[in-house]
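# Chains, contacts and geometry: an overview
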Amino acid sequence: MTILQICQWLNDSPLGTSIRESDFSFALIETTHVLGITLMAGTVAILDLRLLGLMLRQDEVSDVAGQVLPLTVAGFVLMVISGSLLFWSEAAKMYLNPAFRFKLVLMLAAGLNPLIFHRTVYRKVASWDLAQPTPAAAKTAAVVSLALWTGIIVSGRAIAYFH
Amino acid sequence: MSLLPFFEWLAATRLSEAMSASVWAFAVVEMFHLLALAMLGGTVLILNLRLLGLRLQRRPVAEVTRELSPYSFASLAVLVVSGALLVIDGPLRYYSNSAFRVKMLLLTIAVIFSLTLHRWAVRSENRGISPGARIAAVVSLMLWLSVGLAGRAIGFL
């Protein structure tokens, strides 16, 4: 079975068809998706701006991270569930959509970035919690994160323009 | 008094003609609108959660406000400018869209509320959290959420 066939099968499944053919549930899921993205990207941007030393400089990085990340995770969960349902309903079309493919690559990179960050420079956060300026590696992670999430929002919106 | 003549005038401007003739102008402007929305949403949420005593409790409200509000105002400015350009792309499409009308009304209320009662609640806030400040935070979150929801609904009508 090729990926396209799997996508076609999802597309034609009862759940996929019912979401696609109901105006109301598609609109509702899409609105949830936009809210999830706002919650996720908006809160991750606050941590990134803190890492860049542009915001909340008097607060420990670990404190800001601890306060903000639960909201980011909540936004992420909302976004993934609603996004999967949207994909399900148009899987065959999505598989061929260049903006969707580009978005998936960016999402993979956006997932790797915090994994690397938490395993490297963030491990020793206690030693630079209030340091000004913040370490170059932390700034790099923040810039990469802001760029990736910008790219994800832009390419996500672009999906509709490639329909 | 009807605003229809104003929207008709907008539709006849050169900018409107250029926007609607361009394939990518609307898409590009809309992406800026979305990015600024995420930034405004994030900062408004954190500030109001602070007012509710749920986030950044160790910092005074005044300080969190001073740190976050420049980003809120900058994103609101980008939202207003990009939003105006989106309307200029097809003024008559928006004039007759009821979600757009509701959104403009809610946006006006949200901005006035932020600049008056909400600001007053933030200023009068010391270490403890007064019921007034909590109410202001919840009302602010609901208002901005409803502006966003009405905005998304424009595209579905």
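Residues numbered from 1 in each chain as written. Chains lettered and ligands numbered in written order. Predicted model: local features only at pLDDT ≥ 70, side-chain atom pairs only at ≥ 80, totals over all residues.

### Section: the overall build of chain A
Counting its secondary structure elements, chain A contains 7 helices and 0 strands. Reading chain A from its N end, one meets helices and strands in the order α-α-α-α-α-α-α. Across its three principal directions, the C-alpha atoms of chain A cover 55 × 30 × 25 Å. Long-range pairs, those at least 24 residues apart, make up 81% of the contacts in chain A between residues at least 6 apart in sequence. (Helix = DSSP H or I, 4+ residues; strand = E, 2+ residues; numbered from the N terminus. Contact = placed C-beta atoms within 7 Å.)

### Notes on the interface of chain A and chain B
The extent of an interface is frequently quoted as the accessible surface area lost upon association of the parts. Each partner contributes residues to the interface: chain A has 21 residues there, and chain B has 19 residues. Within the residue set of the side of chain A that touches chain B, elements represented by two or more residues are helix H3 (23-51) and helix H7 (136-158) of chain A. For the side of chain A that touches chain B, the element with the most residues is H3(A), which contributes 11 residues. Among the residues forming the side of chain A that touches chain B, the class breakdown is 13 nonpolar, 6 polar and 2 charged. (Nonpolar A, V, L, I, M, F, W, Y, C, P; charged D, E, K, R; others polar.)

### Considerations on the confidence of the model for chain B
Averaged over every residue, the pLDDT of chain B is 91; the share at 70 or more is 97%. Model confidence for the complex is summarised by a pTM of 0.89, with the ipTM given as 0.85. (pLDDT = per-residue confidence, 0-100.)

### Concerning helix H4 (residues 61-89) of chain A
Side chains three or four residues apart in an α-helix point the same way, a direct result of the helix having 3.6 residues per turn. Residues and elements named next belong to chain A. The end-to-end C-alpha distance of H4, which contains 29 residues, comes to 40 Å, matching closely the 42 Å that a straight helix rising 1.5 Å per residue would cover. Its axis deflected by about 35° at Val68, H4 carries its strongest bend there, up to four residues before the proline Pro70. Of all the residues in H4, the buried ones are Val61, Val64, Gln67, Val68, Leu71, Thr72, Gly75, Met79, Ser82, Phe87, Trp88 and Ser89. Here the buried face of H4 lies against helix H1 (3-12), helix H2 (14-21), H3 and helix H5 (91-96). (Expected span 1.5 Å × (residues − 1). Bend = angle between axes of the 7 residues up to and from the residue. Buried ≥ 20, exposed ≤ 12 C-beta atoms within 10 Å, placed from the backbone.)

### Describing the nonpolar core
Core analysis: the biggest nonpolar cluster contains 57 residues, and A:Ala41, A:Ile153, B:Ala38 and B:Leu51 have the highest contact counts within it. Grouped together as the second largest cluster of nonpolar side chains are 6 residues, B:Leu10, B:Leu86, B:Ile88 and B:Tyr94 included. (Core = buried A, V, L, I, M, F, W, Y, C linked by C-beta atoms within 7 Å.)

### Quick word on unusual backbone geometry
The step from A:Gln132 to A:Pro133 runs through a cis peptide bond, and the omega angle for that step is -5°. Topologically, A:Pro133 is positioned in the loop between helix H6 (98-119) and H7. In the Ramachandran plot, A:Leu56 falls in the positive-phi region, its phi being about 50° despite a non-glycine side chain. The topology assignment puts A:Leu56 in the loop between H3 and H4. Exposure remark for A:Leu56: the 23 C-beta atoms within 10 Å place this residue in the buried category. Of note, the phi angle at B:Leu56 is positive, near 50°, even though the residue is not glycine.

### Focus on helix H4 (residues 61-89) of chain B
Under the 1.5 Å per step criterion, the end-to-end length of H4(B) is 40 Å for 29 residues, consistent within 8% with the ideal 42 Å. Where H4(B) bends most, the angle comes to about 40°, and this point is B:Leu68, followed within four residues by the proline B:Pro70.

### Considerations on the packing of H3(A) against H7(A)
All names here are of chain A. Orientation of H3 relative to H7, taken along the N-to-C sense of each, is 155°, at an axis distance of 9 Å. Between H3 and H7, the interaxial angle falls into the category roughly antiparallel. Classified by chirality, the crossing of H7 by H3 is left-handed. Contact residues: H3 offers Ile37, Ala41, Val44, Ala45, Asp48 and Leu51, while H7 offers Ala138, Lys139, Ala141, Ala142, Ser145, Leu146, Trp149 and Ile153. Among the residues making up the contact of H3 with H7, the classes are represented as 11 nonpolar, 1 polar and 2 charged. (Axes fitted to C-alpha atoms, helices over the stretch in contact; angles between N-to-C directions. Parallel < 35°, antiparallel > 145°, perpendicular 65-115°, else oblique. Left-handed = near helix turned anticlockwise from the far one by under 90°.)

### Here's the deal with the packing of H3(A) against helix H3 (residues 25-51) of chain B
Packing of H3(A) against H3(B) brings their axes to within 7 Å, and their N-to-C directions diverge by 75°. The angle between H3(A) and H3(B) places the two elements in the roughly perpendicular class. Taken together, the residues of H3(B) that come into contact with H3(A) (itself represented by A:Ile37, A:Thr38, A:Leu39, A:Ala41, A:Gly42, A:Thr43, A:Ala45 and A:Ile46) are B:Leu37, B:Ala38, B:Met39, B:Gly41, B:Gly42, B:Leu45 and B:Ile46. Within the contact of H3(A) with H3(B), the residues separate by chemical class into 10 nonpolar, 5 polar and no charged.

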